[in-house]
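Each chain, written out:
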Amino acid sequence: MSKKSIHGSFSTRKRKTQFPVRSISQSLYVIEKWRYIHVPRARSVFQQPAKSAVMKSTDIRQLFLDYFKRQDHQIVASSPLVPANDPTLLFTNAGMVQFKDVFLGSDKRSYKRAVTAQRCLRVGVKHNDLENVGYTARHHTFFEMLGNFSFGDYFKRDAIGFAWELVTQDMGLPPDKLWVTVYGEDDEAADVWLNEIGVPKK
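Predicted model only: the values in this text are computed from it and were never measured.

What counts as what
- Residues numbered from 1 in each chain as written.
- Predicted model: local features only at pLDDT ≥ 70, side-chain atom pairs only at ≥ 80, totals over all residues.
- Heavy atoms only, no water.
- 1 Å grid on protein atoms, 1.4 Å probe; cavity = no way out; pocket = protein on both sides within 12 Å on 5 of 7 lines; lining within 4 Å.
- Points joined across faces, edges and corners; volume = space filled by probe spheres on them.
- Nonpolar A, V, L, I, M, F, W, Y, C, P; charged D, E, K, R; others polar.
- Buried < 20%, exposed > 50% of the residue type's maximum accessible area, 1.4 Å probe, protein only.
- Helix = DSSP H or I, 4+ residues; strand = E, 2+ residues; numbered from the N terminus.
- Pairing = 2+ DSSP bridges.
- Core = buried A, V, L, I, M, F, W, Y, C linked by side-chain atoms within 4.5 Å.
- Arc of directions from axis to C-beta.
- Phe/Tyr/Trp six-rings, centres within 6.5 Å; stacked < 30°, edge-to-face > 60°.

Caption draft 1: Looking closely at the layout of surface pockets. The calculated volume of the second largest pocket comes to roughly 260 Å³. Tallied by class, residues from the lining of the second largest pocket come to five nonpolar, four polar and five charged.

Right under this line is the structure:
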């Protein structure tokens, strides 16, 4: 797999979501090799007010797809919930499933950037969320995973820039409500967040 291959994801629930979404910071765990960078209470130069106090999941989905389409991503339809050509999976459990062969190098697409709203089901094996449904506010068995993918085109710098612009400018989330995490040994990503995006280290 090329070093420049990367994907990102953002999940939507089948109900209205109120902004600011405080659960974003609550769902990120800092463990052992992870370190975190916190955005302080300062208005970002990118920040714009959210268009409304409440957004439906359909609005979030369309906003996500439209944003990455403007960034030259091909909108790819959700693949079937039961994978057609993947005997290793009973159900599609992530947005990258339909791109596995591309990442493995056995398939090529006519585009190098893609964005999807993938229907996923997680009820067993590695990604088993069934036992946590009802105990947390973020576990679901059936959900949509919003994902942007690069096939050898861009890597961390652009992926980080896209994510930050999307949530702070297009979605209007206040930076002081967001927490950013990087892997403990990933100095490259930390450098982008600190020196290019401009979030101070804490």
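Having seen the model, we can carry on.
Caption draft 2: The pairing of strand S6 (residues 113–121), seen in detail. Taken across its nine residues, S6 has eight buried, putting it largely inside the fold. Bridge count for strand S5 (residues 74–76) against S6 is three bridges, and the pairing is parallel. Residue pairing across strands places Val-76 opposite Thr-116, the latter belonging to S6. Pairing between S6 and strand S9 (residues 142–150): nine bridges, direction antiparallel. Within the sheet, the bridge partner assigned to Val-115 lies in S9 and is Asn-148.

Caption draft 3: Layout of the nonpolar core. Within the largest apolar cluster, 27 residues are counted, with the highest numbers of intra-cluster contacts made by Phe-64, Phe-68, Trp-164, Leu-166, Met-171 and Trp-193. Core analysis: the next-biggest nonpolar cluster, separate from the first, contains eight residues, Val-76, Phe-99, Phe-149 and Phe-151 among them.

Caption draft 4: Spatial organisation of the environment of Glu-188. Among the secondary structure elements, Glu-188 is positioned in helix H5 (residues 187–197). Since its relative accessible area comes to 37%, Glu-188 is described here as partly exposed. In this structure the C-alpha to C-alpha distance between Glu-188 and Lys-156, which are 32 residues apart in sequence, comes to 8.1 Å.

Caption draft 5: Spatial organisation of H5. Turning to H5, its buried residues are Ala-189, Ala-190, Val-192 and Trp-193. Mapping the buried residues of H5 onto a view down its axis gives an arc of 155 degrees, with all of them on the same face. Residues of H5 that are exposed and point more than 90 degrees away from the buried face comprise Asp-187 and Asn-195. Just past H5, the residue Gly-198 takes up positive phi, approximately 95 degrees.

Caption draft 6: Just the packing of aromatic side chains, in detail. Per the stated rule, a full pass over the model turns up ten aromatic pairs. A ring pair is formed by Phe-99 and Phe-149, whose centres lie 4.8 Å apart and whose planes are at 50 degrees; its orientation type is tilted. With a gap of 50 residues between them, Phe-99 in the loop between S5 and helix H3 (100–104) and Phe-149 in strand S9 connect regions that are remote in the sequence. According to the relative accessible area criterion, Phe-99 is buried, its value standing at 0%. Classification of Phe-149 by relative accessible area gives buried; the value is 1%. Ring geometry for Tyr-111 versus Phe-151: centroids 6.4 Å apart, planes at 45 degrees, classification tilted. Of this pair, Tyr-111 sits in the loop between H3 and S6 while Phe-151 sits in the loop between S9 and helix H4 (156–170); the two residues are 40 residues apart in sequence, bridging distant segments of the chain. As far as the burial class goes, Tyr-111 and Phe-151 line up, both buried. Members of the aromatic cluster, connected to one another through ring pairs, are Phe-64, Tyr-67, Phe-68, Tyr-154 and Phe-162.

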